[in-house]
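Spelled out from the first residue to the last, the chains are:
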Amino acid sequence: MVEFPSADAERADVRIQLLRTVPQLQQAAAVLRTVWNTPDNAEPPLALDVMCALAHTGGYVAAAYLGTAMVGVTAGFRTVGDSLHSHVAGVLPGMHGRGIGAAMKAHQRKWAAEAGLSSISWTYDPLIRRNAYFNLHRLGAVAEAYLPDFYGPLDDGINDGDDSDRLFVSWPVHVTPHAPAPLPDLAAAEPVLEADGDGEPVPRAATGGVLRCVTPVDTESLRRQDPAAARRWRSAMREALGGAMGNGYRIEGFDRSGWYVLRRKETSE
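Quick caveat: nothing in here was measured; it's all calculated off a predicted structure.

Caption draft 1: Up close: the overall build of the protein. Within the protein, the regular secondary structure consists of 7 helices and 12 strands. Here the protein holds 269 residues, and 49% of them are scored as buried. Relative to all contacts within the protein whose residues are 6 or more apart in sequence, the contacts with residues 24 or more apart total 64%. Counting only carbon and sulfur atoms, one obtains 52% of the accessible surface of the protein, whose full area is about 12800 Å².

Caption draft 2: Quick peek at helix H2 (residues 22-35). The terminal C-alpha atoms of H2 lie 20 Å apart, and with 14 residues this matches the ideal 20 Å at 1.5 Å per residue to within 8%. Of the positions making up H2, those classed as buried are Gln 24, Leu 25, Ala 28, Ala 29, Val 31, Leu 32 and Val 35. Buried residues in H2, looked at end-on, bunch into an arc of 160°, giving them a common side. In the core, the buried residues of H2 are packed alongside strand S1 (14-18), helix H3 (48-56), strand S2 (60-66), strand S3 (69-79) and strand S4 (83-91). Asn 37 occupies a position one or two residues after H2 and carries a positive phi of about 55°.

Caption draft 3: Broad picture of the sheet that holds strand S11 (residues 249-255). Ordered by their spatial adjacency, 5 strands build an open sheet running S9-S8-S10-S12-S11, and the pairing between neighbours is mixed. Edge positions in the open sheet fall to strand S9 (201-203) and S11, since each of these has one partner strand only. Here the strands of the sheet are splayed against their neighbours by 20° on average, with no regard to which way each runs. Two elements, strand S10 (residues 210-214) and strand S12 (residues 259-264), share 5 bridges in a ladder whose sense is antiparallel. Looking at the pairing, Cys 213 lines up with Tyr 260 of S12. Each of strand S8 (190-195), S9, S10, S11 and S12 touches helix H7 (residues 227-246); the most contacted strand, S8, lies at about 170° to it.

Caption draft 4: Spotlight on the environment of Asp 163. Structurally, the position occupied by Asp 163 is in the loop between strand S6 (142-147) and strand S7 (166-172). With 68 residues separating them in the primary sequence, Asp 163 and Arg 231 have C-alpha atoms 7.9 Å apart. Beyond its immediate chain neighbours, meaning those up to four positions away, Asp 163 contacts Asp 149, Arg 234 and Arg 238. Engagement of the side chain of Asp 163 in a polar contact is seen with the side chain of Arg 238, the distance being 2.9 Å.

Caption draft 5: Focus on the packing of H2 against H3. Contact geometry of H2 with H3 gives a least axis separation of 10 Å together with a crossing angle of 130°. Between H2 and H3, the interaxial angle falls into the category oblique. Of the two possible hands of crossing, H2 and H3 adopt the one that is right-handed. Of H3, the residues touching H2 (which contributes Leu 25, Gln 26, Ala 28, Ala 29 and Leu 32) are Leu 48, Met 51, Cys 52 and Ala 55.

Caption draft 6: Spotlight on the packing of aromatic side chains. Here the structure, examined in full by the defined rule, presents 4 aromatic pairs. A ring pair is formed by Trp 122 and Trp 171, whose centres lie 5.9 Å apart and whose planes are at 85°; its orientation type is edge-to-face. Taken together, the residues span a long stretch of sequence, with Trp 122 in strand S5 (residues 119-124) and Trp 171 in strand S7 at a distance of 49 residues. Given the relative accessible area of 4%, Trp 122 is considered buried. Each ring, one from Phe 254 and one from Tyr 260, has its centre 4.8 Å from the other, and the planes form 75°; the classification is edge-to-face. Note on Tyr 260: relative accessible area 0%, which makes it buried. The residue whose ring lies beneath Arg 15 is Tyr 65, and the NZ or CZ to ring-centre distance is 4.4 Å. Sitting above the plane of the Trp 122 ring, Lys 105 keeps its charged end 3.6 Å from the centroid.

Caption draft 7: A look at the sheet that holds S2. Strand order in the open sheet formed by 7 strands is S1-S2-S3-S4-S5-S7-S6, with mixed pairing between adjacent strands. The sheet is open, and its two borders are formed by S1 and S6, each paired with just one other strand. Each adjacent strand pair in this sheet contributes to an overall mean axis angle of 25°, direction not counted. With 5 bridges connecting them, S1 and S2 associate as antiparallel partners. Bridge pairing links Ile 16 to Ala 64 in S2.

Rules used in this analysis
Residues numbered from 1 in each chain as written. Predicted model: local features only at pLDDT ≥ 70, side-chain atom pairs only at ≥ 80, totals over all residues. Heavy atoms only, no water. Helix = DSSP H or I, 4+ residues; strand = E, 2+ residues; numbered from the N terminus. Buried < 20%, exposed > 50% of the residue type's maximum accessible area, 1.4 Å probe, protein only. Contact = heavy atoms within 4.5 Å. Areas by Shrake-Rupley, 256 points an atom, 1.4 Å probe, with all protein chains shown as cover. Expected span 1.5 Å × (residues − 1). Arc of directions from axis to C-beta. Pairing = 2+ DSSP bridges. Axes fitted to C-alpha atoms, helices over the stretch in contact; angles between N-to-C directions. Polar contact = N/O pair within 3.5 Å; in protein donor to acceptor, adjacent residues only side chain to side chain. Parallel < 35°, antiparallel > 145°, perpendicular 65-115°, else oblique. Left-handed = near helix turned anticlockwise from the far one by under 90°. Phe/Tyr/Trp six-rings, centres within 6.5 Å; stacked < 30°, edge-to-face > 60°. Lys NZ or Arg CZ within 6 Å of the ring centre and 35° of its normal.

Structure (structure tokens):
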């Protein structure tokens, strides 16, 4: 789990700063376009005027710096129920694995606590392994719902031609971070989605107390190299993971080998 202040942030020499001026926000908008590989004629991940409004009215807009270079941006808004919804967070290509994402989440948590908020929420693509592991295992966020095609069609350079299915997660602000509980033995969990020898998704009918659901090895590369296969994975994940959550299972966590682990809500150890 990430501790606060983040040990990763100290090791990476990451500085997080709230953004207020138009030049800062213009640079942040450019960083987000680069992260999402957004064409000039497409909608940006977060429009500059919206970031300006958020920064001026008490929302959250911040950037991560290595030295003087802006390398990541995150922004969100307050919601009903005393929560911060982190709408967007991205780190420049080539900068992953340096603790930048962890540092941004640590800063969000500190900001939310000082603002008297109780939790932080956000969405992520359930097909992307590194995001699932970071959100569910390292941070300890709780998956609340599977949301099919949540944003509708996107033309941001990453999600082109794919449905925007997302997992909605929440992260308590005032709970002391602790080591995650061990996951059940994967071998004993019933598979609800597997990959065959060709890397194709194979949904399974599963009704056991503990289920496992695999993710593709590299969704982002698959989208570029074989969009049709990526769409098959999207459909299979919606059927398997979304279906299981709709049928009373909750996500216990995510194993580093690429599996979601789910447990029927009424089942206990």
